[in-house]
Amino acid sequence: MPSLGADMEAGTLVEWLVKPGDRVKRGDIVAVVETQKGAIEIEIFEAGKIERILVGLNTKVPVGTPLALIQTEGGETAAPPAPPSMPAPVAPPSPPSPSPAPPPPVASACVARARVSPAARRFAETHGIDLSRVTGSGPAGAIVLADVERPPGVTVAPPDRKPAPGLDLDAMRTAIAAAMARSKREIPHYYLEHHVDVTASEQWLVRINAGRAPDHRLLIGALMIRSVALAARRFPAFNGFYREGKFEPSSAVHVGVAIAIRGGGLAAPALHDADRIPLDELMARMRDLVQRTRAGRIRSSEISDPTITVTSLGERGVETLYGIIYPPQVAIAGFGRIVTRPWVIDGAIGPRSLVTITLSADHRVSDGHAGALFLAEIGRLLQEPDKL
Amino acid sequence: MNDLDIRKAVKEELNNIAPEIDLAAIDPAGDLREALDIDSMDFLTFITAIHHRLGVDIPELDYPKLVTLDGAVAYIAARLGPIKK
């Protein structure tokens, strides 16, 4: 059971996507675990063959417990997927802990969720179908692909539909409270603010998007993430983790994207390598990440490894937001709503699109001087969108 | 495809994005982004879904015409042309 956040002590295994004998490779999603943050897809870090499943469905186990044994390519048997930072796994499980069963509504949801084929689940996710309203025709009433592939007309949800099945907003609120309280308790934040003309970025997007089908259009949010990622690569004091009294810069830039959840929730899963992947791919991944997060399906690596966070208010709301750093990260960049304002360019006043960008950073790691250069770099990068 | 079919399709796609909203209760002339609390990503998802489902190409410059339910239906009907009534 991987640790999916500093405050996580245990998780409930709600779905196995592999069975003994299956071949797996690094990055494959092998199981789904229910945590405070919702249902998380667990990726595997070893290649090999699944030898034995050690933790059964709907069993709650402490972080560090081996979930399965795999026969690795080299032949030895290993218990994945315990990330390196984990304490050594406890000896294979004492009889599946007589774990306190989750509260009844959750439990029944889990049971129902377990009887869905992975293909059906994927289809349902991408099409926003509520599986709790689909009748299964497979073995033991399992929902199979054919059950969800009906014409869209039959998928209309009644108005009282709840958030996606993997999302427990109360638990999410508890997790947000724990992380933010810790941040305010431990991290001496300092704050900087910068007003940036994004007219050039907007005009560039209009030109680019004019020739593209909706699937391939870019949002300004992608440019914001990219500019922060590139600036973070140049200013390493804002990208990494503060742990056990010291700062560990990260060579990779994994940008946590703050995503609002309908009904009142927030998650900031990682968009991996946001400084290196092509901009189109960044946009595609951002769309995928937002959809999966809102459907309650975040992957384990996305939860545990953002190195810096970007939060944006989007088209509505107000002009400025000051983010709270998500520990153990050391910085968060905040973008307000873009507004049209009079602005002086070459000695003349004209209407321009302006965004207020803020930086909240950890004073244990950096100072305002460096923060100002970092923030200014983000603004400068947004002046040349074609180079992003 | 008549206006009723289009309205039904639009509502279904909006409901996929904002499942808890009762579309029967919203003002068809009001701003959907406000009524449904949808952001630019949701709106792009909506435009993409309409594009796939009805084959209507909606350039970005026309987005403002689709921010109300009535506006979206009228726009799509006009783009589809007077095929079958």
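Computed from a predicted model, the values in this text were never measured in an experiment. (Residues numbered from 1 in each chain as written. Chains lettered and ligands numbered in written order. Predicted model: local features only at pLDDT ≥ 70, side-chain atom pairs only at ≥ 80, totals over all residues. Heavy atoms only, no water.)

1. Focus: the overall build of chain B
We apply this condition: The way it works is that DSSP assigns letters per residue, a run of H or I at least four long becomes a helix, a run of E at least two long becomes a strand, and they are numbered from the N terminus. Throughout, the radius of gyration refers to the C-alpha atoms, and the reference size of a globule is 2.2 Å times the residue count to the power 0.38. Whether two residues are in contact is decided by their heavy atoms: any pair within 4.5 Å suffices. Surface exposure here means Shrake-Rupley accessible area, sampled with a 1.4 Å probe, where a residue is shielded only by the protein chains that are shown. In this charge count, Lys and Arg are treated as positive and Asp and Glu as negative; neither His nor the chain ends contribute. We put the charge of a Lys on NZ, of an Arg on CZ, of an Asp on CG and of a Glu on CD.
When helices and strands are tallied, chain B shows 4 helices and 0 strands. Here the C-alpha radius of gyration of chain B, 12 Å, is about what a compact globule of 85 residues would show, namely 12 Å. Across its three principal directions, the C-alpha atoms of chain B cover 35 × 25 × 20 Å. Across chain B, the fraction of contacts at a sequence separation of at least 24, relative to all contacts at a separation of at least 6, is 54%. For chain B, the accessible area works out to roughly 4,000 Å², and carbon and sulfur atoms hold 56% of it. Taken as two groups, the 9 positive and 16 negative side-chain charges of chain B have centres that lie 10 Å from each other.

2. Thoughts on unusual backbone geometry
All names here are of chain A. Selection criterion: Residue exposure (1.4 Å probe, protein chains only): buried if accessible area is under 20% of the type maximum, exposed if over 50%, otherwise partly exposed.
Backbone torsion omega between P327 and P328 reads 5°, so that peptide bond is classified as cis. One non-glycine residue, D346, lies in the positive phi region at around 50°. Relative to the helices and strands, D346 resides in the loop between β19 (339-345) and β20 (348-362). You can call D346 exposed: its relative accessible area is 79%.

3. A short note on the pairing of strand β7 (residues 68-72) of chain A
As a general feature of sheets, a regular strand has side chains that alternate between the two faces. Residue and element names in this part refer to chain A. We count it as follows: When DSSP finds two or more bridges between two strands, those strands count as paired.
Burial runs high along β7: 4 of the 5 residues are buried. In this structure, strand β5 (residues 48-53) lies alongside β7, joined through 5 bridges in antiparallel fashion. Looking at the pairing, I50 lines up with I70 of β7.

4. Some points on the nonpolar core
So the rule is basically this: In this text, buried Ala, Val, Leu, Ile, Met, Phe, Trp, Tyr and Cys residues form a nonpolar core when linked through side-chain atoms within 4.5 Å.
Core analysis: the biggest nonpolar cluster contains 77 residues, and A:F335, A:F374 and B:V10 have the highest contact counts within it. The element best represented in this core is helix α6 (residues 220-234) of chain A, accounting for 10 residues. In this view, B:V10 contacts B:F46, B:I50, B:L69, B:A72, B:V73 and B:I76; residues no more than four positions away in its chain are not counted. If you look at the next biggest cluster of nonpolar residues, it comprises 25 residues, including A:M8, A:L13, A:L54 and A:I303.

5. Looking at the packing of aromatic side chains
Rule in force here: Centre distance within 6.5 Å is the pairing criterion for rings of Phe, Tyr and Trp, where only the six-membered ring of Trp is used; planes under 30 degrees apart are then read as stacked, over 60 as edge-to-face, and the remainder as tilted. Criterion for a charge above a ring: Arg CZ or Lys NZ at most 6 Å from the ring centre, at most 35 degrees from the ring normal.
Overall, the coordinates contain 5 aromatic pairs over all chains when judged by the stated rule. Ring geometry for A:Y191 versus A:Y322: centroids 6.2 Å apart, planes at 85°, classification edge-to-face. Residue A:Y191 is found in strand β9 (residues 189-197), and its partner A:Y322 is found in the loop between β17 (308-312) and β18 (331-335); the two are separated by 131 residues along the sequence. Where B:F43 meets B:Y63, the ring centres are 5.5 Å apart and the plane angle is 70°; that geometry is what we call edge-to-face. Remark: B:Y63 occurs in the loop between α3 (40-54) and α4 (69-80) and B:F43 occurs in helix α3; sequence separation between them is 20 residues. The structure contains a cluster of three or more aromatic residues connected by ring pairs, namely A:F235, A:F238 and A:F374. Geometry around A:Y242 places A:R364 over its ring, the cationic atom sitting 3.7 Å from the centre.

6. With respect to the pairing of strand β11 (residues 246-249) of chain A
Residue and element names in this part refer to chain A. Judged from the 4 bridges that link them, strand β10 (residues 240-243) and β11 form a sheet pairing that is antiparallel. Paired with F241 across the two strands is E248, which belongs to β11. Hairpin remark: β10 followed by β11, antiparallel, with 2 residues in the connecting loop; positive phi at E244, about 45°.

7. Observations concerning the packing of α6(A) against helix α7 (residues 279-294) of chain A
All names here are of chain A. What counts is decided by this rule: For helices, the axis comes from a line fit to the C-alpha atoms of the stretch in contact; other axes are also lines fit to C-alpha atoms, and the angle between any two N-to-C directions lies between 0 and 180 degrees. An angle below 35 degrees is treated as roughly parallel, one above 145 as roughly antiparallel, one from 65 to 115 as roughly perpendicular, and anything else as oblique. Should the near helix be turned counterclockwise from the far one by less than a right angle, the crossing is left-handed, whereas a clockwise turn marks it as right-handed. Gly is placed with the polar residues, together with every amino acid not listed as nonpolar (Ala, Val, Leu, Ile, Met, Phe, Trp, Tyr, Cys and Pro) or charged (Asp, Glu, Lys and Arg).
At a minimum axis separation of 10 Å, α6 and α7 run at an interaxial angle of 110°. Relative to α7, the element α6 is oriented roughly perpendicular. In the crossing of α6 with α7, the sense of the turn from one axis to the other is right-handed. The residues of α7 that touch α6, namely those facing G221, A222, L223, I225 and R226, are L279, L282, M283 and M286. Taken together, the residues of the contact of α6 with α7 sort by class into 7 nonpolar, 1 polar and 1 charged.

8. Thoughts on the confidence of the model for chain A
Test applied: Looking at any residue, its pLDDT shows the predictor's confidence there, from 0 to 100.
Predicted confidence across chain A gives a mean pLDDT of 82, with 76% of residues reaching 70 or more. Note that pLDDT drops below 50 for residues 151-161 of chain A; the model gives that stretch 22 contacts with residues more than four away or on any other chain.

9. Focus: the pattern of salt bridges
Worth spelling out the cut-off: The term salt bridge refers to a side-chain nitrogen of Lys or Arg lying within 4 Å of a carboxyl oxygen of Asp or Glu.
Going through the model one piece at a time under the given rule, you end up with 33 salt bridges over all chains. Note that A:E281 is salt-bridged to A:R285, the shortest N-O span being 2.7 Å. Of this pair, A:E281 and A:R285 are both found in helix α7, 4 residues apart, which corresponds to roughly one turn of the helix. Looking at A:E281, the relative accessible area reads 34%, which means it is partly exposed. The class of A:R285 is partly exposed, set by a relative accessible area of 30%. For A:E315, the salt bridge identified is with B:R33, shortest N-O distance 4.0 Å. Of this pair, A:E315 sits in the loop between β17 and β18 while B:R33 sits in helix α2 (residues 32-36), which puts the two residues in different chains. Overlapping salt bridges, with partners in common, bring together A:R234, A:E377, A:R380, A:E384 and A:K387 in one network.

10. Description of the interface of chain A and chain B
A common way to state how big an interface is: give the accessible area lost once the parts meet. Threshold: Accessible area, probed at 1.4 Å, shrinks when two parts are joined; the buried area is that loss added up over both. A 3.5 Å cut-off defines polar contacts: any pair of N or O atoms within that distance qualifies, except that in protein one atom must be a possible hydrogen donor and the other a possible acceptor, and neighbouring residues in sequence count only when both atoms are side-chain atoms.
Contact with chain A, which involves 28 residues of that partner, is made by 31 residues of chain B. Regarding the contact of chain A and chain B, the summed buried area is about 2,400 Å², with carbon and sulfur atoms giving 47% of it. Ranking the residues of chain A by area buried against chain B places A:R217, A:R262 and A:R316 at the top, with a combined share of 29%. Summed over the shared surface of chain A and chain B, the result is 7 salt bridges. Joining chain A to chain B, the criterion identifies 13 residue pairs in polar contact (both at pLDDT 80 or more). Residue assignment for the side of chain A that touches chain B shows that the elements contributing at least two residues are α5 (199-210) and α7 of chain A. With 6 residues, the top contributor of residues to the side of chain A that touches chain B is α7(A). When grouped by side-chain class, the residues that make up the side of chain A that touches chain B number 14 nonpolar, 6 polar and 8 charged.

11. Regarding the environment of B:A9
Residue and element names in this part refer to chain B. Here A9 lies in helix α1 (residues 3-17). Judged by relative accessible area, which is 2%, A9 ranks as buried. Leaving out residues up to four positions away in the same chain, A9 has contacts with R53 and L54.

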